[in-house]
Amino acid sequence: QVQLVESGGGLVQVGGSLRLSCAASGRTLSSYAMGWFRQAPGKERDFVAAITYGGAITRYAESVKGRFTISRDNAKNTVYLQMNSLKPEDTAVYYCAANRNKATINTTPYGYDYWGPGTQVTVSS
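As a starting point, this report considers the structure included with it. This is a predicted model, so every value here is computed, not measured.

Describing the sheet that holds strand 1 (residues 3-7)
Phase 1: Strand order across the open sheet formed by 4 strands is 1-3-8-7, with antiparallel pairing between neighbours. The outermost strands of the open sheet, each flanked by one partner alone, are strand 1 and strand 7 (68-73). For this sheet, the mean angle separating the axes of adjacent strands, direction not counted, is 15°.
Phase 2: As defined by bridge partners, strand 1 adjoins strand 3 (residues 18-25) across 5 bridges and the pair is classed as antiparallel. Within the sheet, the bridge partner assigned to E6 lies in strand 3 and is C22.

Right, dumping it as structure tokens:
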């Protein structure tokens, strides 16, 4: 199995940028499709972005399309989420997740097999 750890979260002002990283250990990341989800207090865990094992296919939630970019560096066993033009509604705990169906884009949490502990992103106005 694979262990995931997110980093790069923090406090940023409206309009600012952050880059989240998700580092994997235990197994090569190229065996998995990867996703980013987020969860605000009292709300469900929502899909943000996903990428297939080789990076050929990506998908985004409508709310982040054009502002966020998911990418991966399999040589570094790391997946990234570049977040630009941040808004207060982007405030949440962000989680990365791995899907053993490596060629599949899945937009629901139930389609993922492994999760990181999450990193807090707070956008202040």
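After that view, the rundown keeps rolling.
A look at the packing of aromatic side chains
Phase 1: Scanning the model with the defined rule gives 6 aromatic pairs in all.
Phase 2: Considering the side-chain rings of F37 and F47, the 5.7 Å spacing of their centres and the 70° angle between planes classify their relative orientation as edge-to-face. With F37 in strand 4 (residues 33-39) and F47 in strand 5 (residues 45-51), this residue pair connects regions lying 10 residues apart in the sequence.
Phase 3: According to the relative accessible area criterion, F37 is buried, its value standing at 0%.
Phase 4: If you follow R45 out to its NZ or CZ, it ends over the ring of Y95, 3.7 Å from the centre.
Phase 5: In this structure, R45 is placed above the aromatic ring of W115, and the distance from its NZ or CZ to the ring centre is 4.9 Å.

Regarding the state of the cysteines
Phase 1: All chains considered together, the criterion is met by 1 disulfide.
Phase 2: Residue pairing for C22: its cysteine sulfur links by disulfide to C96, the two sulfurs lying 2.0 Å apart. Between C22 and C96, the S-S torsion sits near 55°, and that sign places the bridge as right-handed. Here C22, found in strand 3, pairs with C96, found in strand 9 (residues 92-99); they are 74 residues apart in sequence, far enough to count as distant. For the pair shown, C22 and C96 are each scored as buried.

Concerning the environment of R67
Phase 1: With respect to the secondary-structure elements, R67 resides in the loop between strand 6 (58-60) and strand 7.
Phase 2: Other than its neighbours up to four places away in sequence, R67 contacts Q82, M83, N84, S85, L86, K87 and D90.
Phase 3: Reaching out from R67, the side chain makes a polar contact with the backbone oxygen of S63 at a distance of 2.9 Å.
Phase 4: A polar contact is formed between the side chain of R67 and the backbone oxygen of S85, at a distance of 3.0 Å.

A short note on the pattern of salt bridges
Phase 1: Counted by the stated rule, this structure contains 4 salt bridges.
Phase 2: Between R38 and D90 there is a salt bridge; the shortest N-O distance is 2.8 Å. Residue R38 is located in strand 4, and its partner D90 is located in the loop between strand 8 (78-83) and strand 9; the two are separated by 52 residues in the primary sequence. No difference in accessibility class separates R38 from D90, as the two residues are buried.
Phase 3: Of the charged contacts, one joins R100 and D113 as a salt bridge, the two residues approaching to 3.0 Å between their closest N and O atoms. Highlighted residues: R100 in the loop between strand 9 and strand 10 (114-115) and D113 in the loop between strand 9 and strand 10, separated in sequence by 13 residues.
Phase 4: Here D113 falls in the partly exposed class, since its relative accessible area comes to 31%.
Phase 5: Salt bridges linked by common partners bring R38, R67 and D90 together as one network.

Thresholds applied
Residues numbered from 1 in each chain as written. Predicted model: local features only at pLDDT ≥ 70, side-chain atom pairs only at ≥ 80, totals over all residues. Heavy atoms only, no water. Pairing = 2+ DSSP bridges. Helix = DSSP H or I, 4+ residues; strand = E, 2+ residues; numbered from the N terminus. Axes fitted to C-alpha atoms, helices over the stretch in contact; angles between N-to-C directions. Phe/Tyr/Trp six-rings, centres within 6.5 Å; stacked < 30°, edge-to-face > 60°. Buried < 20%, exposed > 50% of the residue type's maximum accessible area, 1.4 Å probe, protein only. Lys NZ or Arg CZ within 6 Å of the ring centre and 35° of its normal. Disulfide = S-S within 2.5 Å. Contact = heavy atoms within 4.5 Å. Polar contact = N/O pair within 3.5 Å; in protein donor to acceptor, adjacent residues only side chain to side chain. Salt bridge = Lys/Arg side-chain N within 4 Å of Asp/Glu carboxyl O.

The values are spatial; any link to function lies outside them.
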